[in-house]
Structure formats: C-alpha cells, structure tokens
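What follows is each chain in one-letter form.
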Amino acid sequence: MNDAIRVSGLTKRFKDFVAVGGVSFTVAKGEIFGFLGPNGAGKTTTISILATLIRPSSGEALVNGFDLVRQAASVRRSIGMVFQDPSLDERLTAEENMLFHAVLYGVPRSEALKRGGELLEMVGLSDRREDLVRTFSGGMRRRLEVARGLLHHPAVLFLDEPTLGLDPQTRSHIWEYIRRLHRELGTTVFLTTHYMEEAEVCDRIGIIDYGRLIALDTPAGLKRLVGGDVVTAKTGDPTGLLNKVRERFGLSGKLDGDCGHFETADGESFVPELVRAVPDILEVRVRRPTLEDVFLKLTGRAIRDKGADGVESMRMIHRAWRRRA
C-alpha cells in the first residue's frame with residue numbers, strides 16, 4: 001500500500017455538535033501533508049482521531065495499514081506525535097526526556113542513546129542534552145519535542161500546530177529542522193496549521209473549515225483556483241467599493257475589514273482604471289494569489305477571522321466534559 005493514511009467519511013460528534021463532518025482523503029508515504037484552517041475548523045479533532053486519542057463517531061481510517069479503532073495499539077506504535085500544548089517534563093534534562101520516551105516505546109537504552117544523540121544533533125540541541133528543560137526557550141522545547149517524536153522511528157509524524165505561539169524567526173528555524181528531518185529520514189509528516197507560510201512547504205494541503213474538507217491540492221493547484229492577479233483596495237466605504245466595481249467592471253469582490261479583494265487577469269492595467277472609477281480609494285496593491293486568497297475565495301472570509309472562536313470554545317468544553325465522564 002502506497003498510502004500512509006487513508007481516511008473515508010470520518011466524522012466526530014459531541015452530542016449535537018459536529019466537530020468533523022465526513023472528511024475523506026489519503027496521505028502518501030513520505031509526503032508532507034497539511035491541514036490548513038482557522039481555530040475551531042476541526043484540525044486538532046481530526047489529528048487526535050488519527051493518533052487514536054479520541055474515537056470517531058463514524059467513518060473509517062487506516063494509519064500505516066492499521067485500523068485506528070480495531071488496531072489502535074499498532075497505530076500508536078507506528079506514529080510520532082508533537083502536541084499543540086507542551087508535553088515535556090521540565091524537571092528532566094533533554095536526554096532524560098528522550099530516554100523516558102524510549103522506555104514507553106520499548107526502545108533499548110543503548111539504541112535510544114545512539115538515536116537520541118543523532119536527533120539532538122539534527123535539531124541543534126546536542127550541546128544542551130544534559131541541561132534541564134525548564135532552562136530552555138520555547139523554540140528549543142519545540143525542537144526537542146520534534147526530536148523526541150522521531151526517536152522510535154515512526155512511519156508517520158503528527159504535528160499539531162507545531163509552531164503555535166512562537167515568533168516568526170523561531171518558526172522559520174523549527175521548519176528548517178523539520179524539513180531536514182523529513183529529507184534525511186523520509187518520514188511521512190501530517191501537520192495542522194493556520195500559518196500560510198507553513199502550509200506552503202507541504203506537498204499537498206487540505207483546507208478545512210467548520211469540520212468540512214472544502215479543498216485538497218498542491219499549494220500551486222489551490223492558488224490556480226483564484227487565477228490571475230489579486231488587487232486589494234482600501235477605502236472608507238468598502239461596501240460602496242464592491243458595488244462600484246461590480247457595476248463598472250463586472251467583478252465580484254470579497255470584503256475583509258475595510259479592504260476589498262478582486263481577481264483580475266491583468267492587475268497592472270486594472271489598477272489605474274479602478275482608481276479613476278473609485279476616487280476615494282486610500283490604498284491599492286497588486287500581487288499574485290496566496291493561500292489566504294484561496295481561503296477567502298472558498299469561504300468568504302479571511303483565515304485570521306475570529307468567527308470560529310466560538311466553535312473552538314465549544315470543542316474545549318466538550319473535551320473537558322469527556323474527561324469528567
């Protein structure tokens with residue numbers, strides 16, 4: 001089987017709330033596959049199901065050829081996981097955290113020391129292996145979590161928002177290490193993110209929103225859904241801007257705050273005509289389509305919008321309810 005992950009009709013309900021609604025997709029062996037979407041879209045729920053942390057309500061999924069319900073133990077042995085929340089023991093050193101993980105996965109101590117040393121070297125932490133984790137920065141802890149997740153040579157590494165809360169420079173460094181580990185070890189990587197620059201490094205991206213998979217393709221393929229150039233115009237009357245552009249040019253735009261976004265085949269020639277037709281424009285720019293534009297086109301809102309926060313809160317409540325049950 002060439003697929004590391006095969007998902008069909010996967011659904012998760014919390015009473016009347018559908019967190020994941022019938023998603024289907026495959027991930028090829030050795031692929032970097034990403035789930036892109038805002039908070040509350042269903043990314044973490046999906047990755048938690050695939051890692052056997054929660055059971056699906058319906059649907060089927062195979063991870064490394066193992067059924068995630070009937071063969072959950074086999075799935076767990078074959079995957080690595082880097083959680084959204086910190087999971088290191090701050091009272092232990094970097095090496096001790098690696099060795100503790102090795103015990104859980106049945107990796108012999110001698111082999112764990114050898115593999116752990118190689119992985120710590122790859123993520124730039126070999127000189128801090130004997131230091132307590134509580135002395136590490138957020139970026140160093142994330143790098144250690146990635147290395148730890150690979151210690152038992154998993155076939156699939158799950159990364160749930162791996163750089164959440166880190167500054168842009170640290171995020172960039174984390175991704176340098178992840179790409180290097182993927183290149184040298186050939187591990188299949190499944191990640192969730194709402195950062196566009198992270199999604200760009202994926203071989204393929206699934207865009208998920210309100211628990212539904214609404215698009216799946218390569219980054220370049222998704223951008224072709226937009227086509228041409230994207231013109232963004234800022235004005236004090238964004239609704240009026242949309243109406244004027246529709247009447248004058250026959251273009252339907254999308255609003256994002258006080259800005260209107262329009263797709264056109266030739267942005268450079270369109271802008272002068274736009275400024276003449278709408279003289280109250282405060283700012284205008286032209287660029288090639290981005291994944292942000294794709295999300296805006298498919299959903300009618302920007303991925304950074306806060307509309308899904310209520311969904312995320314509901315999901316957290318349901319998690320707490322399940323833990324008490």
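Figured I'd write up the structure that's included with this text.

### A short note on the pattern of salt bridges
Tallied over the full model, the rule gives 18 salt bridges. Ionic pairing is found between Asp89 and Arg91, a salt bridge with its closest N-O pair at 3.2 Å. For Asp89, a relative accessible area of 24% gives the class partly exposed. For Arg91, a relative accessible area of 65% gives the class exposed. Here Glu283 makes a salt bridge to Arg285, at a shortest N to O gap of 3.4 Å. On the basis of relative accessible area, Glu283 is assigned to the partly exposed category, the value being 38%. Of the residues examined, Arg285 reaches a relative accessible area of 39% and is grouped as partly exposed.

### Structural notes on the packing of helix H4 (residues 109-122) against helix H6 (residues 168-185)
Contact geometry for H4 and H6: axes closest at 10 Å, N-to-C directions at 135°. When the interaxial angle is binned, H4 and H6 end up oblique. Facing H4, whose interface residues are Leu119, Glu121 and Met122, H6 presents Tyr177, Arg180, Leu181, Glu184 and Leu185. When grouped by side-chain class, the residues that make up the contact of H4 with H6 number five nonpolar, no polar and three charged.

### Description of the nonpolar core
The biggest cluster of nonpolar side chains holds 45 residues, and the ones touching the most others in it are Leu36, Leu119, Leu144, Val146, Leu159, Ile205 and Ile207. If we ignore the near neighbours within four places in the chain, the residues touching Val146 are Val82, Leu157, Leu159, Ile178 and Leu181.

Rules of the game
- Residues numbered from 1 in each chain as written.
- Predicted model: local features only at pLDDT ≥ 70, side-chain atom pairs only at ≥ 80, totals over all residues.
- Heavy atoms only, no water.
- Salt bridge = Lys/Arg side-chain N within 4 Å of Asp/Glu carboxyl O.
- Buried < 20%, exposed > 50% of the residue type's maximum accessible area, 1.4 Å probe, protein only.
- Axes fitted to C-alpha atoms, helices over the stretch in contact; angles between N-to-C directions.
- Helix = DSSP H or I, 4+ residues; strand = E, 2+ residues; numbered from the N terminus.
- Parallel < 35°, antiparallel > 145°, perpendicular 65-115°, else oblique.
- Contact = heavy atoms within 4.5 Å.
- Nonpolar A, V, L, I, M, F, W, Y, C, P; charged D, E, K, R; others polar.
- Core = buried A, V, L, I, M, F, W, Y, C linked by side-chain atoms within 4.5 Å.

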